[in-house]
Protein chains: 2
Amino acid sequence: MTQDPRLLRTANGTAPPTSATALRRANLSSVLRQLRDHVSRSRADIADATGLHRATVSNLVAELLERRLVREVGIEHVGAVGRPRRAVALHGAHVGALGLEINVDYISVHGRDLRGHVLVERRVSFDAVGGGPDRSLRRLGLVAQEAIEAMERAGAVPAGVAVAIPALVDVACGVVKFAPNLDWHDLPLADRLSAALGPLSVPVMVDNDANLAALAEYTSGVAAGTPHLVYLTGEVGVGGGIIVDGRLLRGADGFSGEVGHLPVDPAGARCGCGRHGCWETKVGLAALVRTAMPEQAYALPGLPVSDPEERAAEIARRLVEGDRGMLDAVAQVGRWLGLGGSIVANLFNPRVIVVGGYFATLAEWLLPHAQAELERLVVASPASQCRFAASDLGFGAASRGAASMVVNHLIDDPTTIMSSLPRPTLP
Amino acid sequence: MTQDPRLLRTANGTAPPTSATALRRANLSSVLRQLRDHVSRSRADIADATGLHRATVSNLVAELLERRLVREVGIEHVGAVGRPRRAVALHGAHVGALGLEINVDYISVHGRDLRGHVLVERRVSFDAVGGGPDRSLRRLGLVAQEAIEAMERAGAVPAGVAVAIPALVDVACGVVKFAPNLDWHDLPLADRLSAALGPLSVPVMVDNDANLAALAEYTSGVAAGTPHLVYLTGEVGVGGGIIVDGRLLRGADGFSGEVGHLPVDPAGARCGCGRHGCWETKVGLAALVRTAMPEQAYALPGLPVSDPEERAAEIARRLVEGDRGMLDAVAQVGRWLGLGGSIVANLFNPRVIVVGGYFATLAEWLLPHAQAELERLVVASPASQCRFAASDLGFGAASRGAASMVVNHLIDDPTTIMSSLPRPTLP
């Protein structure tokens, strides 16, 4: 098909792809985007909206039909004007996206089809630190395989798998460069998981958990659709994901949004990373536990907190009881949360900072202090209104965002990701 | 022309504009972009590259010819294959872009045509602080008028004027919200300058000086073309401009890149802004002068530094002489520069941080300390290579970037900005 001269046109005039393959990919993507954004479209509508020739559109739609990504939906009703025309729509029920998250003590799963229907969602408690990379990857492979089989039983073929992990990730090749809280280094996670899924041959992507949680917030969270949005995850470590103009900011290497170790206090305590006064030493869950529950032996600088959700729940119980020491400790952490928020707000000028993890669990006590400090420290206040908001996606945010990334990838680059879909032979 | 049904197609398939006017603008822009990126193009080439119908392209080119933005250039030689075809090119010599910068003690001017030929470039010493907004705007108007007349004598009609200013700017309406070092508030600079230029009726834009200097660095600086680039200006105040994926990051209100008042030291000195431990109190020129030349009475926290360039030159002289106290002071400021750079690098993951103003003047002494501290503090080091680089654009960077913004605006949105160009009546 790449020989078809009618395909040697791109619908993206701003940066015309250079090869026939790239042109074809860009045009398939334009057609898919039309079908994602509308219940159904006639080929003529798609031609009008994309500027592509009708012959080219028919040609592209034929390929998408053949790949079973779109389907004929009969007559499109175009209101009073114009006569009804045969239309196509995304074959939403047939194509799936699987998101996984592997974290310190759990694996979470979110599988849905292109219509957004959730097909599988679960959370598995698992000690990834104790298990180490090998046992953890075996377990991740089994969980992924079960999820894929469940999705296929529901009639959806996963077009890809994305894995969220609290780590610096080389996104281009799916390698975990460094996961501080797991103590994993240079792990080719994408290749290893692909091998484990061998016979299923589903493309595997890997990204930082906070990046994918930010994508989930932008797609379906409390501030969904806010073009300038920052997500902060408050767990054992503190991570950040940044949405700029409605797109995930990655930077030159995919290492953007590393908020946990911003230097905020030259006289501060030693961090797990070996530096001093990192923001994580002020707002990480360990910092709060250390301040509020000094009696708890594990609450030492740089040491992981066991069972973080239970710790957060315990802190919440004490706050409800009006424990004075706990209220003071949370107020102090809240002010440091606001200070870190002001750094993010001064640099990115977002409209909202969504907080997850234990920040969300304790939002009603933390955020008033954080918001006040944010407004005191942001240079552009009050001209720029930036507010803190608590995430309601819970601990599933990253796996949900991972599924969104698979969908975006499918829409942006159908030719690579579609390789996993069965191609029925034509008559 | 907006009635022409052939214009009801866009070359931008990813986000089809909704109105006929927007479609026409997007298509004119696609054609202009083609002509910016190639010496000359035939209408057929443009149709192939944009996916627009040839009839639509001819129609758009006709409008651009009428507006004298493009010109016929006769036969295009398309190598061995295909027969020569009549081509068009940007009418580069005929259209100009004027960039201005107003700062504490100078106004600078950079006017060029679309081919990039510099038509006017000058710097006027001027006390904007003493003059206040009214006298400063009168002076700015006169300087702009002279520059426009000089450009017109050279045969180029300015398609727009952009003004750079060290301030928080509401870019949408060209209002200076707050210029700390000028002490200007809520000044409708664009409207006031437009009124001053009345009869010339040239569109006026306003933006933050660091944003526009960053644009100049991306367009023509030492790291030109680096898609992820941060610019830091070291003058009386410290500002930042951020390029992400080759585009200026503005944020929700255009207030991004406010690095000067990042809180880096809870125990730090009081800043001119009233807060404590702002980064500016560590790396602003006043901080260096205060540390290195305590004998100089004006070097008090928060007070402006008189004649900053002369101060920087004096410091450089002492460094060349090997003045021990000065070397220590510069090393200390260099480390704080590296710490601020690490905040920017952790959040944006840029490939390069270009420094201007006095940071550039003293680069050979400052940057080794800054680079070492950057590498110590960036979480992703050494996986992410981010380096400091000294700007070579001098104090003209912001006005040069302002001219670039006019050009970008002309290409992105021909219909609004072109209103200033004389439209010869058709036969």
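Residues numbered from 1 in each chain as written. Chains lettered and ligands numbered in written order. Predicted model: local features only at pLDDT ≥ 70, side-chain atom pairs only at ≥ 80, totals over all residues. Heavy atoms only, no water.

The name given to chain A in an unreviewed UniProt entry is ROK family protein, with the source organism recorded as Sphaerisporangium dianthi. Reading the Sequence similarities (unreviewed entry) entry of the UniProt record for chain A gives the comment "Belongs to the ROK (NagC/XylR) family." (UniProt positions renumbered as here; feature names shortened; annotations may be inferred.)

Engineer: Lay out the nonpolar core in plain terms, naming residues and giving numbers.
Structural biologist: The biggest cluster of nonpolar side chains holds 102 residues, and the ones touching the most others in it are Ile315 and Phe348 of chain A together with Ile315 and Phe348 of chain B. In contact with Ile315 of chain B, other than residues within four places in its own chain, are Leu285, Leu288, Val289, Met293, Met326, Val330 and Leu362 of chain B. (Core = buried A, V, L, I, M, F, W, Y, C linked by side-chain atoms within 4.5 Å. Buried < 20%, exposed > 50% of the residue type's maximum accessible area, 1.4 Å probe, protein only. Contact = heavy atoms within 4.5 Å.)

Engineer: An account of unusual backbone geometry is requested, with residue identities and associated values reported.
Structural biologist: Residues and elements named next belong to chain B. Unusually for a residue other than glycine, Asp186 sits at a positive phi of about 40°. With respect to the helices and strands, Asp186 occurs in strand S10 (residues 184-187). Look at Asp186 and you get exposed, because its relative accessible area is 51%. Phi is positive for Asn349, close to 50°, though the residue is something other than glycine. Note that Asn349 resides in the loop between helix H10 (324-348) and strand S15 (352-356). Relative accessible area serves as the criterion here: at 1%, Asn349 is assigned to the buried category. (Helix = DSSP H or I, 4+ residues; strand = E, 2+ residues; numbered from the N terminus.)

Engineer: Could you give an account of the interface of chain B and chain A, with specific residues and numbers?
Structural biologist: Accessible area lost when the parts come together is the quantity often used to give the size of an interface. Facing 61 residues of chain B, the contacting portion of chain A comprises 61 residues. For the pair chain B and chain A, the two sides together bury roughly 4900 Å², of which 58% comes from carbon and sulfur. Its largest share of buried area at the contact with chain A, chain B owes to Pro263, Arg275 and Leu347 of chain B, together 14% of the area lost on that side. Across the salt bridge formed by Arg247 of chain B and Asp245 of chain A, the nearest N and O atoms sit 3.5 Å from each other. Here chain B is connected to chain A by 22 residue pairs in polar contact (both at pLDDT 80 or more). Secondary structure elements with two or more residues in the side of chain B that touches chain A: helix H1 (20-37), helix H2 (43-50), strand S13 (238-244), H10 and helix H12 (363-377) of chain B. It is H10 of chain B that contributes the most residues to the side of chain B that touches chain A, 7 residues altogether. (Buried area = accessible area lost by both parts, 1.4 Å probe. Salt bridge = Lys/Arg side-chain N within 4 Å of Asp/Glu carboxyl O. Polar contact = N/O pair within 3.5 Å; in protein donor to acceptor, adjacent residues only side chain to side chain.)

Engineer: An account of the packing of helix H8 (residues 285-292) of chain A against helix H9 (residues 308-320) of chain A is requested, with residue identities and associated values reported.
Structural biologist: Residue and element names in this part refer to chain A. At a minimum axis distance of 11 Å, the contact between H8 and H9 shows a crossing angle of 45°. One way to sum up the angle between H8 and H9 is to call them oblique. For the element pair H8 and H9, the recorded crossing hand is left-handed. Facing H8, whose interface residues are Leu285, Leu288, Val289 and Ala292, H9 presents Pro308, Arg311, Ile315 and Arg318. Its residues assigned to classes, the contact of H8 with H9 comprises 6 nonpolar, no polar and 2 charged. (Axes fitted to C-alpha atoms, helices over the stretch in contact; angles between N-to-C directions. Parallel < 35°, antiparallel > 145°, perpendicular 65-115°, else oblique. Left-handed = near helix turned anticlockwise from the far one by under 90°. Nonpolar A, V, L, I, M, F, W, Y, C, P; charged D, E, K, R; others polar.)

Engineer: So what's going on with the pattern of salt bridges? Which residues, and what values?
Structural biologist: Residues and elements named next belong to chain A. Summed over all chains, the structure comprises 42 salt bridges over all chains. Among the salt bridges present, the one from Asp113 reaches Arg115, with a minimum N-O distance of 2.6 Å. Judged by its relative accessible area of 2%, Asp113 is buried. Counted as one network, the salt bridges with shared partners bring together Arg311, Glu314, Arg318 and Asp323.

Engineer: So what's going on with the side chain of Glu217 of chain B? Which residues, and what values?
Structural biologist: Residues and elements named next belong to chain B. Checked against the element boundaries, Glu217 lands in helix H6 (residues 209-220). It turns out Glu217 is buried and unbridged, and the closest side chain with the opposite charge, Arg400, is 7.9 Å from it. Those residues in contact with Glu217 that sit more than four places away from it in its chain are Val222, Ala223, Ala224, Leu229, Tyr231, Val354, Ser391 and Leu393. (Lys, Arg positive; Asp, Glu negative; His and termini not counted.)

Engineer: So, the UniProt feature "domain: HTH iclR-type" (unreviewed entry) in chain A: which residues are in play, and what are the values?
Structural biologist: Under the UniProt annotation, "domain: HTH iclR-type" (unreviewed entry) lies at residues 30-72 of chain A. For residues 30-72 of chain A, helix accounts for 67% and strand for 12%, while the C-alpha atoms at its two ends are 18 Å apart.

Engineer: How would you sum up the sheet that holds S15 of chain B? Please name residues and give values.
Structural biologist: Residue and element names in this part refer to chain B. One open sheet accounts for 5 strands, arranged S14-S13-S12-S15-S16; its pairing is mixed. At either end of the open sheet lies a strand with only one pairing partner, and these are strand S14 (247-248) and strand S16 (387-390). Pairing of S13 with S14, which is carried by 2 bridges, proceeds in the antiparallel orientation. What sits directly across from Val244, in S14, is Arg247. Where H10 meets the sheet, it contacts strand S12 (229-234), S13, S15 and S16, and its direction lies at approximately 120° from that of S16. The strands touched by H12 within the sheet are S15 and S16, with S16 carrying the most contacts at an inclination of about 165°. (Pairing = 2+ DSSP bridges.)

Engineer: Could you give me a rundown of the domain arrangement of chain A, with the residues and numbers involved?
Structural biologist: Domain parsing of chain A yields domain 1 (20-90), domain 2 (95-211 + 399-414) and domain 3 (222-392). Placing the centre of domain 1 of chain A and that of domain 3 of chain A at their C-alpha centroids yields a distance of 45 Å. (Domains from an automatic or database assignment.)

Engineer: An account of the confidence of the model for chain A is needed here, citing residue identities and associated values.
Structural biologist: Residue and element names in this part refer to chain A. The predicted model of chain A has a mean per-residue pLDDT of 86, with 87% of residues at 70 or higher. Segment residues 1-18: pLDDT under 50, and 56 contacts once partners within four positions in sequence are set aside and those in other chains are kept. Among the prediction metrics, the complex's ipTM stands at 0.84, with pTM recorded as 0.85. (pLDDT = per-residue confidence, 0-100.)

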